[in-house]
Structures are given as structure tokens and as C-alpha cells.
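# Results of the structural survey
Each chain, letter by letter, is given below.
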Number of protein chains: 2
Amino acid sequence: MASTEPFSVVIVGGGLVGSLAAVFCAKRGWKVDLYELRKDPREDASQSGRSINLALSVRGISALRAAGVEEKILNNMIPMKGRMIHTRDGKLSSQPYGIFGECINSVDRMLMNKHLLDSVETLPNVKLHFEHDLKQCDFDARKAVFARKDGSSITVHADLIIGADGAHSRTRQQLMRRTRVNFSQSYIDHGYVELTIPPTQDGDYAMDAHHLHIWPRQTFMMIALPNLDKSFTVTLFMPWSKFEAIKTEEDLVTFFEETFPDSVPLMGQKLLVQEYFKNSKGSLIQIKARPYHFRDRVVVIGDAAHAMVPFYGQGMNCGMEDCIVLESILTKHCGLPSSGRRPSADTLAAALEEYTNTRNPDVEAMCDLAMYNYIEMRSSVTKAGYIFRKTVEGWLHRLMPTVVIPLYTMVSFTRIPYAEAMRRWERQSKWFDLARWIGELVAISTVVGAGLYWGARWRGVRELLWRQN
Amino acid sequence: MASTEPFSVVIVGGGLVGSLAAVFCAKRGWKVDLYELRKDPREDASQSGRSINLALSVRGISALRAAGVEEKILNNMIPMKGRMIHTRDGKLSSQPYGIFGECINSVDRMLMNKHLLDSVETLPNVKLHFEHDLKQCDFDARKAVFARKDGSSITVHADLIIGADGAHSRTRQQLMRRTRVNFSQSYIDHGYVELTIPPTQDGDYAMDAHHLHIWPRQTFMMIALPNLDKSFTVTLFMPWSKFEAIKTEEDLVTFFEETFPDSVPLMGQKLLVQEYFKNSKGSLIQIKARPYHFRDRVVVIGDAAHAMVPFYGQGMNCGMEDCIVLESILTKHCGLPSSGRRPSADTLAAALEEYTNTRNPDVEAMCDLAMYNYIEMRSSVTKAGYIFRKTVEGWLHRLMPTVVIPLYTMVSFTRIPYAEAMRRWERQSKWFDLARWIGELVAISTVVGAGLYWGARWRGVRELLWRQN
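Residues numbered from 1 in each chain as written. Chains lettered and ligands numbered in written order. Predicted model: local features only at pLDDT ≥ 70, side-chain atom pairs only at ≥ 80, totals over all residues. Heavy atoms only, no water.

An unreviewed UniProt entry lists chain A under the name Kynurenine 3-monooxygenase, from Spizellomyces punctatus. The UniProt entry for chain A carries the following comment under Pathway (unreviewed entry): "Cofactor biosynthesis; NAD(+) biosynthesis; quinolinate from L-kynurenine: step 1/3." (UniProt positions renumbered as here; feature names shortened; annotations may be inferred.)

Take a look at the structure:
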């Protein structure tokens, strides 16, 4: 094959991760064809897609910056500086995310997706193909077959296929047919439904817009994120058995009045009932896989490689970070994007191998953290022990910003690899437990010592009195 | 639907488990259609299938008995009373499987499959359909679509679909599209290749026929099981990296001469080289899934539900036991087979639910035990500690046959549920460790006590000598 021929990459999936990957590949001078199953969202207003808004934090922003497509997003997001806890009796308390005022940001998934597709389209060496359904890959022959909407199918050549086609990825399925992939999928026993808190009659936000609102109820919870149109998208997460127990409007209203009383007037009973019964209930899946690649032929990224439960707000951020991690490994093996060099099969295979080896432990740690955070969000945030540790960690972090870093900060406000964040957190937990144990020992010793001292003094006083008598 | 209409079941897969399930279903008076992807093995001599022989033990035999199809199998199997360990320098040592002479049995997979198909065919309410490839299931509409060899496809009605279509089950795939299935597949880093030790020139077995032969080599191993034609089927299991390192005939012969020297003259160098390079290398997968069913519409059994690594010889036995467990749960919920009653959707759904709940922990325990047994077979069997425990457990088992039962005996020679066997084994291990610790303490005390005594006596003697001086 002539080395002057452009290197061709087929990207499967035109969501957030797929379109971002297209930008990175195009900047390498590769010929990029991006195939998306659905219609072009910029032309089709009917598509609601999946969840409406998402929490963008440092990893996602870093990836957008590295691709040079951050500006529009940064100008159209709503910073949330902490969690706003709603108790059952309607009391509010704010828990900041970071000691230095760090924020996560509510962004509109569709706005972001459209912007990324627009950005992709400005690049001369990318072609977008909507309504193309991946049917089959022949990695040995470097071919992929897509079905078109009219029933016809096309076979395209691809030096490399990048699968960014989500949790139920067809690319991953094809990868699993070609090579030995260790794979697991597990559903949690909870589902979710999306609801809305509309703007007030004056056209303003019905609650503080700079918080992620949480109604923690131990075994389940509801959250709300602000939108640019002054509404909030509310998501109720709870066990399937609870969903099944709500059969009538009355069941629903009673449940909400008892459980989330302050939210009912904000949503409006009519809208609540309408949306709850109309909107589909989603399930929550975790997917782990390894390897992500096969030789120099295919690699899966984003949810196609590692779907996680949404409780750390890291699904999208992690998927976007995949793009920078892959890009930096490609640079290491195949040279800078500006070199314009066509990667050899061996160097590309080595790069993808390194990608699997470095990225897999990190994203699997993140999957585990996301699972853990459900317990934190729905329950721990209301517990004194949790709040105490959070406060102490905050002080220590302020005193020694690089030595003690709260877990949430490491995950959301740094690019410390997830697995390292998890290890540091485990180490910090051990120190914290030791310190608490010493603190308790000191406290008990003090109380006992004081007791003995005052006992002795009291005996002295009595003796004195006795002698005087 | 009229209750007089026969209940129709579609079984996908005509292997050992599928054809056995067909017998059980037919005996319930159900209308059974069995669809198999491959040609009828009774008409097609070319099919070598997968592994040539298998180890049949109590669970498999019980299932064959319960179906009333055991006779021919029992008359055509070779009992193996223990493991014959081959050391590197060609020494042999026999380790019996059970203290009471219990045996596992080498059976020919094809003979067994053909016999089961013959047995199925004698039943009036079963139809066999070969060369039918399951394409899709519509569980809600109770339909299944099969592709035929001529390219046409048929849609069949099924009140219940039973998937017995192996580790890469299409039925399970369809189940996973319809309901939330927690699923994992993991490959071990080892592969296998099958070889042959032919009969001797006098037409006899080249080694003792009543043993399962093992060449344990710590990180890998080779085994051999006898066939009725006086040959042995040999399976070499080892890390993929070792397979990759053997590139030439010379590499192979050197490796065998160094590692399994006594096997080379038995196989014959020419046949060894020919088979090693010609025969395909198999990978070893473990599959876990839950649930196995969806409502009253579908259930998966055998490898389709739980593929395991082959090191406990339980894959087939476990799959056959699935049939009896399912049968007894069906009897509990839907009445005896002889009742001829058509099960209602609710009772059948409850039965399948109970099947998932009771069978899942057992087969997953078995998957774990099979993984563990690879270490036992390739390494532990050569260690003094293992042999000591095995011996002590044997004595205790002889003294108290129902109180202390070695793990291998529980798994292979009883129908104690696998998960219970695992729990009992863990309990026994704790007692064994305690006893060993006490034994060591007593031994040390004895040595120290004896030392002090003799020390004192020696002093006494010296004093006596001294006084005499």
C-alpha cells in the first residue's frame, strides 16, 4: 500500500465521544468517516435522545480543550458549586463540591452533540453519514458493512475502526466475535424516570440554579440539574419494586407528597402525573470489557468500552477523557498529529495495546466508584460521620492542597488517573481511621483523667470538711 | 387457548443437554420440536464435534437414569478409578478418586449424542429438525425464527423455548435482548489441543485404561482419557504464550521430549507432529448469567447458561443435572409428568423463577470449583501437603462417611448441590487447619518435653558420675 494514501478511519457512533474522536483523528490528517445510526440531530427536532442534561467536569473540559472545541460549551453551561440536600421536611442544606469553589457544570446533551457535529463538519477530511446501522465488521479484510435506511447496504474500507456506539455497541459485539474479550454486564436493581420542574410564572428558576439538587432517601433518591431555559431536569432513581408499586395517579401523588413534599408544588401535580406515566423507565447497566482493541484494526471507547451507573457524573467525562488518553498514546507511538505520518500496522497495534493496558484499570476503578457513589448520594450525605470527614478533609486539603485531596475532588476536578485516585482515597481513609481512633483515645483519656482528678479533689475537700468537723 | 391443545416447546440445540431435555419434556406429554444447527450426526460421519470423550459421573448418570435412557451408555463407558500421575522422569503413581472405589467414566461424546437422539426419536411427540439456525425469538408473540440451509426461513410457535445451544448460545443472546441479564464471560489465558495415543501393535491400550492420566507440570498439564477403540484422547492445556513459542517440528519434539518424555513413544513422533499442527487450538471460556429465564417463555440450560472450564469434568454432568433440577421444579409447580396437565402461564413462570433462583448459586459455585481444579490438577497433586490432606480426609471419610466427605467425592459421586459442597469443603478446610495446628503444637511440645526430660536425666547421670569421682 502506498504510504501517501491517507490513513482511513471509520468511527461508529456520532454521539459525544464519537464526534470528539472524529476531531482528534481528523487533526492527525486521517481520512475520517463517521457513521451514526440515528438521523442528524441538527435536522431532527423530535429526537429527545437519552438523558437531557449532563454534568461536565474537568476531564470532559480538558478533552474539549485539547480538541479546540470548548468555547461554545463553556459559554453555555451552568456551574453547580455543590449539592443542595432536600430533607423530607423540606429543609435545605448546601454541601460545596470543592473547598476552593470548584464547580461541575450542567450542560445540554443535544446542544453539545450538535456543536461537536458542527465542529466536525468544518474539518475537510471528515464525512458524516447518518442513518447507517453497523451490521458486520471483517477486521481481517479491513471492511465494515452498514445497512442504510432504504434497505440497501454498503461495505466500506477502514484501516482502523473506532467503536463509540454506546453501551449496547455493535462494534464491541463484532470485536468479541473476533478475539477473546473478558466481558461483564450487570444491571443494578434500580431504574430511573425523568421528570421536569418548569420555570416559575415569572420565568425564573424554581430553585437555586447553581446547585445539583438531591433528595436523598436512604434506599433511593431524586436529583435535579438546571437547564438554560430555567427549567430543571429531575431524575428519580429507585428500586424497580417501588416503580411497580406505583400503579395509579393516587399512588404516585401520595408517594411524592410523603417522600418529596417540597418538589410537588415546584413540578405541579398535573405535569408530575403526566410525565411519570408517559416517560419510559430506564435501566442502569454497568459494562466492563478487556481488551478494547484487536491488533491495529479496531478499538472501542466511551460507553462501548465501559458503561457505568450515572452516580458520579463521570460517564461522559470518562468517555471524553478516553479520546485524550488515546491521542497521547498515539502521539507517543506514531508521532505528533502534525507529522502527518501514516502509522504502520505494528506501531498502531502497539499503541492500541498500550491503550487497553493503561486505560482499562482506570475506567474499571471509575465504574466501581460510580457504583459506590449511589450509596453516598442517597444515604451517606445525610450522616454525621460523613459530614465530619468531609469537613476535616476539606481543612486538610486547604492546608496541604496536594497531599490530602478529597476523592470527589480527585475524580471531578483533576485528571489524576481514576485508579490512582482510588488508591489515594483508600490510603487517606486508613489515615483518617487511625486519626479518629487516636482522637477517640485522647478524648476518653481526657474524660477519665478529669474524672479521676475531680474525684481526688472531691475526696480532698471531703477529708478537709471531715477534719474540720 | 383451549386447554386440550398440547403445550408446545421448542428446544434449541440437539447436543447432550438439548436431547436429554427433549426426553423429559416429551414425557410430560408436551409437543416437542428440537432444532439443531448442524447435520444429524447419525448420518454425517465427518463431524468430529468438540472434544472426543468426556468424564461421566454421578450427576450425569442420575439424569440419564431419570430419563430412562442410561442403559446403552452404562454398557459403553470405561470406568476410571483414579488419576495416574506421570512425572517428568516417567514415574507413575495412582491416586484413587474415592476411598470406596468410586469411578468416573470415559464416554464417547458422539456415541452418547447419537444414542440420545435415537431415544428422542422413539417418542411420538418429538420432532427433530437438523440444519436449522436460530435467528430470532419474539418471546412476547411466542415465536422463533430459524434459517434453513437452503436460505429460506421458518417461523414457529413455541409456548416455551428451551435454549441448550452451548456457550455461544443464540437463545441466551435473544434472552439478553428482552430482559435484564447479569452476564459475564471470561477467557483463561490457556488454550488446548487434542492429540492421540493410538492402540499398541498388539491392539491393546498403551497405558492403564482405568485411570485418567495426568502429566502435571505446575503451570500447565496434559491429560489422557481412554476410548473404546483402545486409543487414548490426549489433551494438552497450556498458556497461549507456550503455544506461540512452538513454531517448528523441532520446537515441538524438543518440548515433548523434555516435558512429557514417556508420552512420545506412545503417541509416535510422526502422529504427534501431524496432529499438533493440524488440530485447531481451542480456547477456554467461563460464562455466568442470571436470570436463566424470562417469564414463562424461555429458559436456558447447559453451557448456554453456565459454561465452565473443563478441569472438574463437570460441564456435561452439570448440564444434564440441570434437566433433573428443572424437571423436579416443574413437577412441584405444574404437577407430575403423568398428570398431562397443561401448565398455566403463572405456574410455569413461577417454576422458571424458582429454577433460576435455586440453580444459579449452584452452577456458579461449580464454575468457580472448575477454575480452582486446574491448579489442583496441574500442580497440587504433586505436593506433599495435598497428598497428606487427601489421605487424612480419606481415613476420616471411611470412619464417618456422611460427616467428612472429600470435595471431589461430593462433586463427582453425590448429588449434594454444588454450592453446599463448596460450603462443606470450606468448613472442612477450617477444621483441617485447626487439627493440623493442634497436631503441630503437640508435636513441638513432645519434642521440647522430651528434650527437657532427657536433659534432666543427663544432668542426673553427670551428677552421679561427678559424685562418684
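What follows picks up the thread again.
### Let's talk about the relation of the copies chain A and chain B
Note on the copies: chain A fits chain B at an RMSD of 0.1 Å, the axial shift is 0.0 Å, and the rotation between them is 180°. Such a turn and shift between the copies fits a two-fold axis. For chain A, the residue whose C-alpha comes nearest the rotation axis is Ser184(A), separated from it by 2.0 Å. An overlap of 100% is found between the interface residues of chain A and their copies at the interface of chain B, pointing to a shared contact surface. (Least-squares fit on C-alpha atoms with pLDDT ≥ 70 in both. Contact = heavy atoms within 4.5 Å.)

### Side note on the layout of surface pockets
Leftover empty space is mapped by rolling, across the atoms, a probe with the size of a water molecule. Residues and elements named next belong to chain A. Considered as a void within the structure, the second largest pocket measures approximately 670 Å³ in volume. Every residue lining the second largest pocket is counted, 29 residues in all, and those nearest its centre are Tyr386, Arg389, Lys390, Thr391 and Glu393. The set of elements that each furnish at least two residues to the lining of the second largest pocket consists of strand S6 (92-96), helix H11 (345-378), helix H12 (384-399), helix H13 (407-413) and helix H14 (418-468). At 10 residues, H12 tops the list of elements feeding residues into the lining of the second largest pocket. For the lining of the second largest pocket, a count of residues per class yields 13 nonpolar, 10 polar and 6 charged. Two domains share the lining of the second largest pocket, each providing at least three of its residues, namely domain 1 (8-77 + 108-186 + 285-377) and domain 3 (383-469). (1 Å grid on protein atoms, 1.4 Å probe; cavity = no way out; pocket = protein on both sides within 12 Å on 5 of 7 lines; lining within 4 Å. Points joined across faces, edges and corners; volume = space filled by probe spheres on them. Helix = DSSP H or I, 4+ residues; strand = E, 2+ residues; numbered from the N terminus. Nonpolar A, V, L, I, M, F, W, Y, C, P; charged D, E, K, R; others polar. Domains from an automatic or database assignment.)

### Some points on unusual backbone geometry
Residue and element names in this part refer to chain A. The omega angle of the peptide bond from Arg290 to Pro291 is 0°, so this bond is cis rather than trans. Examined against the element boundaries, Pro291 turns out to sit in the loop between strand S17 (282-290) and strand S18 (293-294). Even without a glycine there, the phi angle at Lys230 is positive, about 75°. Structurally, Lys230 can be placed in the loop between strand S15 (221-226) and strand S16 (232-239).

### With respect to the packing of aromatic side chains
One pass over the structure, following the stated rule, counts 47 aromatic pairs over all chains. The structure contains a cluster of three or more aromatic residues connected by ring pairs, namely Tyr97(A), Tyr312(A), Tyr408(A) and Phe413(A). For the cation-ring pair, Arg59(B) lies above Tyr418(B), with the distance from its terminal atom to the ring centre recorded as 4.0 Å. Sitting above the plane of the Tyr276(B) ring, Lys281(B) keeps its charged end 4.9 Å from the centroid. (Phe/Tyr/Trp six-rings, centres within 6.5 Å; stacked < 30°, edge-to-face > 60°. Lys NZ or Arg CZ within 6 Å of the ring centre and 35° of its normal.)

### Here we look at the UniProt feature "transmembrane region" (unreviewed entry) in chain A
Residue and element names in this part refer to chain A. Under the local residue numbering, the UniProt record ascribes the feature "transmembrane region" (unreviewed entry) to residues 6-26, 399-417 and 437-456. The span residues 6-26 shows a helical share of 52% and a strand share of 24%, and its end C-alpha atoms are spaced 11 Å apart. Between the first and last C-alpha atoms of residues 399-417 the distance is 23 Å; the span itself is 42% helix and 0% strand.

### Considerations on the interface of chain A and chain B
Interface size, as often reported, equals the accessible area lost upon joining of the parts. Taken together, the contact between chain A and chain B spans 11 residues of the former and 11 residues of the latter. Between chain A and chain B, a total of about 1200 Å² is buried, with carbon and sulfur atoms accounting for 46% of that surface. Its largest share of buried area at the contact with chain B, chain A owes to Arg180(A), Gln185(A) and Tyr187(A), together 48% of the area lost on that side. On the surface where chain A and chain B come into contact, there are 0 salt bridges. Our count for the chain A to chain B interface comes out at 6 residue pairs in polar contact (both at pLDDT 80 or more). Residue composition of the side of chain A that touches chain B, by class: 5 nonpolar, 5 polar and 1 charged. Note that strand S13 (residues 182-197) of chain A and strand S13 (residues 182-197) of chain B share 3 bridges and pair antiparallel. Residue Phe183(A) lies in a different strand from S13(B), and its bridge partner there is Gln185(B). (Buried area = accessible area lost by both parts, 1.4 Å probe. Salt bridge = Lys/Arg side-chain N within 4 Å of Asp/Glu carboxyl O. Polar contact = N/O pair within 3.5 Å; in protein donor to acceptor, adjacent residues only side chain to side chain. Pairing = 2+ DSSP bridges.)

### A look at helix H5 (residues 170-178) of chain B
In an α-helix, one turn spans 3.6 residues, which is why side chains three or four residues apart end up on the same side. If you check which residues of H5(B) are buried, you get Thr171(B), Arg172(B), Gln174(B), Leu175(B) and Met176(B). Capping of H5(B) at its N-terminal end is provided by Ser169(B); its side-chain oxygen lies 3.2 Å from the backbone amide nitrogen of Thr171(B). (Buried < 20%, exposed > 50% of the residue type's maximum accessible area, 1.4 Å probe, protein only.)

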